[in-house]
Amino acid sequence: MEISDEAVIVKSSRLKSVVWNDFDRVKNGDSYVAVCRHCKKKLCGSSTSGTSHLRNHLIRCRRRSNHDITQLISAKGKKKEGSLALANFTFDQEHKRSKLVNIAHRYEQGQTKDSSVNVGHGNFDSKRSRFDLARMIILHGYPLSMVDHVGFQVFVRNLQPMFELMPFNRVETDCIEIYKKEKQKVSEVLDKLPGKINLSADKWATKDGGSYFSLTAHFIDDDWLLKRKLLNFIVIDPSHTEEMLSEVIMTSLMEWDIDRKLFSVTFDSSSTNENIVCRIRDRLCQNRFLLCDGQLFDVCCAANIIKLMAKDALDALLEVTHKIRESIRYVKSSQATQEKFNEMVQLVGVVEGQRCLCLDNPLQWNSTYFMIEVALEYKDAFSLLQEHEPLYTMCPSEVEWSRASAIASYLKLFVEVLNPFTRTKNPTANIYFHEICEVHLQLIEWCQNSDAYVSSLALKMKSKFDEYWKKCSLALAISAILDPRFKMKLVEYYYPQIYGTSAPDCIDIVSNCMKALYNGHAIGSPLDSHGQGLACQVGSNLGVGNESRDRLTGFDRFLHETSQSQNMKSDLDKYLEEPLFPRNMDFNILNWWKVHTPRYPILSMMARNILGIPMSKVSLESAFRVGDRMLDHYWSSLKSDTVQGLMCAQDWMRNEPEDFKSTSSHSPLSICYDVN
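One structure accompanies this document, and this report is about it. (Residues numbered from 1 in each chain as written. Predicted model: local features only at pLDDT ≥ 70, side-chain atom pairs only at ≥ 80, totals over all residues. Heavy atoms only, no water.)

With that settled, the discussion passes to the pairing of strand β3 (residues 31-36). Note: strand β2 (residues 23-28) against β3, six bridges, orientation antiparallel. Note that in β3 the partner of Lys27 across the bridge is Tyr32. The turn joining β3 and strand β4 (residues 42-44), which pair antiparallel and follow one another in sequence, is formed by five residues; a positive phi near 65° is taken by Lys40. (Pairing = 2+ DSSP bridges. Helix = DSSP H or I, 4+ residues; strand = E, 2+ residues; numbered from the N terminus.)

Written out as C-alpha cells, the structure reads:
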C-alpha cells in the first residue's frame, strides 16, 4: 500500500477507539490508511472498516512493547457494552481488576529489581512465563520434551510471539530451580512443627525394570491439620543391601534435620523392610532421639496386609477364576450365545435386574472379586448352559462354585475394610482399630470352616495377619483410645471376643503402654501441670534428646510419678473418666483435640504424635492395584536427580491449594510460585 507525498495525517475527535493511540490515520487521496507508529505497517483506515484488524495487529506487533494488551481487551469489551470511553470503568470492572492485582501479588513477591513487570497491568514477563511453563509440566506430569513438539511450539508462537521457547535442558534446569526453592519452604515447615514426624516408605517400579524408593513425612501442624510431604524419591540399585538402604534413609533424615523428630515409620510387611527398620531404630536409640524408646516406632501398612491376604485368596481360586473368565468370554462371544444364555437365566429363575456379567482387570484385584461375585449369581445358568451347549466346557463344578462363594466372602470383607482407609486423603490413625478387629474375628471363624481347602487358606492368611497384629495392635488400640467417642471401651469390647479368657491381661498391657507413653510425653514437656516444679528447675533442657547431658532425668521421672500419686489426676485420668463423646458421622477428631488442648495439654501432645501415624499409606488409586506403583514412562527416562525434583515438587504443588485455602481466599491460581 503506497502513500503519496501529498498524504496528510488526519486528527479527528470522532476517533474514540484506544487503538488510535498507536496508529496515525493518514488521508491518501480519496482513501484513509492507518499507519502503525511502531513498525510503520500500513492497514486500511476507512471508517467503514472498523478497528478489529488494527487491534489484532497491535497484539502481534513485534516492535511494540506489548504494555497495553489488557487495555485493548477491556476496551473491546466496553465497546460491546456501549461504553463511551476507556476511562469509564464500571464497578464490576474495578472489582475484577482489583482481584487480578491481588492474585498477581503472590507472583510478584521476591522478583529481582530488573524484572519488568506488573502482571496486574497486563505486561508480558518472559521469565515468569518460562517458570509458569515449568510449573505446568511438574504439576500435570507432562513430559519435558513437550517443548520440542512442533504442535506445542506453533501454539505458543501464535499465542504470544514474544515468548521464547526454551530447549529441553533449560526447562529441566527451571524445574530443578523450582524444586530447590520449594524444598527450602518445606524444610522451614518441618523445622517449626510443634510435634513429632511420622515417616512412610513406598516402592515404585518403572517399565524398564528399575526401582525407586519414596519417603513421605506425615505430621499434624499448628492448626491441627494432618499433612503429608514427599521428602525423597530415591533410585534403588539392585546391589543395595539392607544396611545400605537403611543408611540412605538415615542420610535423608539428617539432610532434612528431622532425625531427632521421628516418632514412627510405616513400611510394607516383609523381612527386608523389618531389618531396615530395626537398623534405623537402633541408630536412633543410640542417640536417644526416640520418644518412649520407640514403643510405637515400627508400623506395618494395614492396607498392605489386606492386599497380601487378598492375593492368597485369589491364588487359591486361580483355576476357578480362569474358568469363570472363560465362561464369560464364551457367553459374550456372539449374539446367539448371549441370547441362549439369557434363556437359561430365565429358566433358572434369576431375578430380573441382576448385575451384568463383565470381565475383570487383572491389574485390579477388586475387579476380579466383582467378576466372581456377579458370576456366582448366574452359576445355575452356567450349569444349564453346559447341558445345552456341547462347545461350552469351562463351567466350574459344584464344589468349585462352593469354594468360590466362600472365598468371595473373604474378598468382600477385604474390599469393605479398605474403603474407609482410602475414603479420605490423609486418614487419622483412630479409624483403623475396629476395622482390623473385624478382620481378626472373621479369620478366627474362617479357620473353623468344614472344607479343609477353605480352612487351610484361612490359616495361611491368619499366619500373616498374626505377624501384623503382633507388631501393630498396640498402636491401633492406643489410637482408638485417643478417640473420645471410644476411649477404653472399644478395646474392652473387642479384646474378649479375640482373646477370650486372656482378655483382661491383654487390656492391661494396652493400658500400661498408654500410661508409659503419657509419662514419656509429660517428662519431656514444660506443660505438665503436675510437674511445674520440675519444669521450673530444668526449663528448656527437659527434652528427650537431652537425656545424655542431663544426669537428673531419673529424678525428673521420680518427681513426676510421685506427684501423680498424691491424689492429683493427670490429663489421662481426667480424659478416661469423663463420658464418651456422642458418635456421629460429622465428627472431626483433630478439631476435637484442637478445642480441648487447653484442658488436656500433655495428652493433646501425645494425640498429635499418635493420630498422625500413617497406619495405612496406600492411596485410593493404588489400594487395589496388583504390584508396585508405576512411575510415568516419560519421567522414568530422566536423570535420577531430576526425577526426585519433579516428583517432590509435584507433590508439594498439588497439596499447595489446600494449604493456601486455609489461610487465604485467593483464587486457585495462587498455586504458582515465586521464581526468584
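As a further point, take helix α16 (residues 452-481). For α16, which comprises 30 residues, the first-to-last C-alpha distance of 38 Å sits more than 12% below the rise-based estimate of 44 Å (1.5 Å per residue). Considering bend angle alone, the principal kink of α16 is centred on Cys472 and spans about 55°. (Expected span 1.5 Å × (residues − 1). Bend = angle between axes of the 7 residues up to and from the residue.)

At Trp224, a position not held by glycine, the phi torsion is positive, near 60°. On the secondary structure map, Trp224 appears in the loop between β6 (211-220) and β7 (226-236). Judged by relative accessible area, Trp224 falls into the buried class, the value being 5%. Phi is positive for Lys487, close to 50°, though the residue is something other than glycine. Inspection of the secondary structure puts Lys487 in the loop between α16 and α17 (489-499). (Buried < 20%, exposed > 50% of the residue type's maximum accessible area, 1.4 Å probe, protein only.)

With 117 residues, the main nonpolar core has Phe382, Phe414, Phe433, Ile478, Tyr495 and Trp593 as its most contacted residues. No other element matches α16, which puts 14 residues into this core. The contacts of Tyr495, once residues within four sequence positions are left out, are Phe433, Trp469, Ser473, Ala477, Gly500, Ala503, Cys506, Ile507 and Val510. Val147, Val186, Trp204 and Ile280 belong to the second largest nonpolar core, which has 61 residues in total. (Core = buried A, V, L, I, M, F, W, Y, C linked by side-chain atoms within 4.5 Å. Contact = heavy atoms within 4.5 Å.)

This brings us to the packing of helix α11 (residues 335-348) against helix α13 (residues 379-388). Contact pair α11 / α13: the axes reach a minimum separation of 9 Å and the direction vectors enclose 120°. As the angle between them shows, α11 and α13 are arranged oblique. Judged by the twist between their axes, the crossing of α11 over α13 is right-handed. Residues Lys340, Phe341, Met344, Val345, Leu347 and Val348 of α11 touch α13, and the partners they reach there are Asp380, Ala381, Phe382, Leu384, Leu385 and His388. Of the residues in the contact of α11 with α13, the class split is nine nonpolar, one polar and two charged. (Axes fitted to C-alpha atoms, helices over the stretch in contact; angles between N-to-C directions. Parallel < 35°, antiparallel > 145°, perpendicular 65-115°, else oblique. Left-handed = near helix turned anticlockwise from the far one by under 90°. Nonpolar A, V, L, I, M, F, W, Y, C, P; charged D, E, K, R; others polar.)

Take it as geometry only, folks, not as evidence of what the structure does.
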